[in-house]
Amino acid sequence: MHRRFLMALMLFILASLLALTHDAHGERPEVMVYVDVSLKRLSVWQGMEEIRRYPIATGAWDTPTPLGTFRITSRFSGEMGGFGTCFLGLNVPWGTYGIHGTNKPESIGLDASHGCIRLEVAHAEDLYRLLPNGTVVIIADGPYGEWGHCLRALKNGDRNSMVCALQRKLKAMGYYGGWPDGIWGTATEKAVQAARKAFGLPPGEGDWALYHALGLTLFE
């Protein structure tokens, strides 16, 4: 309940700022998208008005939907296929993710994708017409930001929002010098091993002992 209140408040503030900015110039407010992974719901807002609400499918446990704030930066459309008839690409730094239709409508409402946001074909086509490139897309799940519902074990080769959160923590503590891009590659591996050594932990991966040592705690 607390998490949903905070997300609703953030959405309200962002929508208000967009509305005020464009009202000052006599323009219609920009549209923005809010995706609730837990509720399997995508909403489109124009200023303070919700103008669309559609059911969705999201990523499976091993291929989670990216969490955070992104923008639509690419698109394509074509004949019916795995992406339905159209695809809106998001600027997620660790992979190719987007909002698209599906040839498996029975998956809507489930954790079924490789991380993308699936909709029924007609709904995806409506969004394709409605949302221009540059549209803000906020994706949220669970009470703990990029971690979602819990701290999860991470390892070399992982690519997701949780790696991004770990990179930010390692950077703040001086172990990681790169940009938090959500990709556990060579630089992140070196940072994790350096942190583990500094805390007297044996070589390993992103586990509960490392999170505790880093002071990574979940709070609402």
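S.K.: Teacher, can you tell me more about the pairing of strand β1 (residues 31-36) here?
M.R.: The side chains of a regular strand alternate, first on one face of the sheet and then on the other. With 6 of 6 residues buried, β1 is to be regarded as a mostly interior element. Residues V31, V33 and V35 point to one face of β1 and M32, Y34 and D36 to the other, with burial holding for every one of them. Hairpin connection, β1 to strand β2 (residues 41-46): the antiparallel pair is bridged by 4 residues, and K40 has positive phi, about 55°. Here β1 runs beside strand β10 (residues 136-140); their pairing, made up of 5 bridges, is parallel. Across the sheet, M32 pairs through a bridge with V136, a residue of β10.

S.K.: Explain the nonpolar core here, please?
M.R.: Nonpolar side chains in soluble globular proteins tend to end up buried together. Ranked by size, the top nonpolar core spans 27 residues in total, and within it V35, L42, I99, L127 and I139 carry the most contacts. For this core, the secondary-structure elements that each account for two or more residues are β1, β2, β5 (68-81), β6 (84-90), β7 (97-100), α2 (121-130) and β10. The contact partners of I139, leaving out residues within four places of it in the chain, are V35, V37, T65, P66, L67, G68, F70, L90 and I117. Counting 17 residues, the second-largest nonpolar core is a separate cluster that includes L151, V192, L210 and Y211.

S.K.: Teacher, can you tell me more about unusual backbone geometry here?
M.R.: Excluding glycine, most residues fall at negative phi; most peptide bonds, likewise, are trans. Positive phi values are uncommon outside glycine, yet K40 reaches one of about 55°. Mapped onto the fold, K40 is located in the loop between β1 and β2. Overall, the relative accessible area of 13% leaves K40 in the buried class.

Reading the values: rules and limits
- Residues numbered from 1 in each chain as written.
- Predicted model: local features only at pLDDT ≥ 70, side-chain atom pairs only at ≥ 80, totals over all residues.
- Heavy atoms only, no water.
- Buried < 20%, exposed > 50% of the residue type's maximum accessible area, 1.4 Å probe, protein only.
- Helix = DSSP H or I, 4+ residues; strand = E, 2+ residues; numbered from the N terminus.
- Pairing = 2+ DSSP bridges.
- Core = buried A, V, L, I, M, F, W, Y, C linked by side-chain atoms within 4.5 Å.
- Contact = heavy atoms within 4.5 Å.

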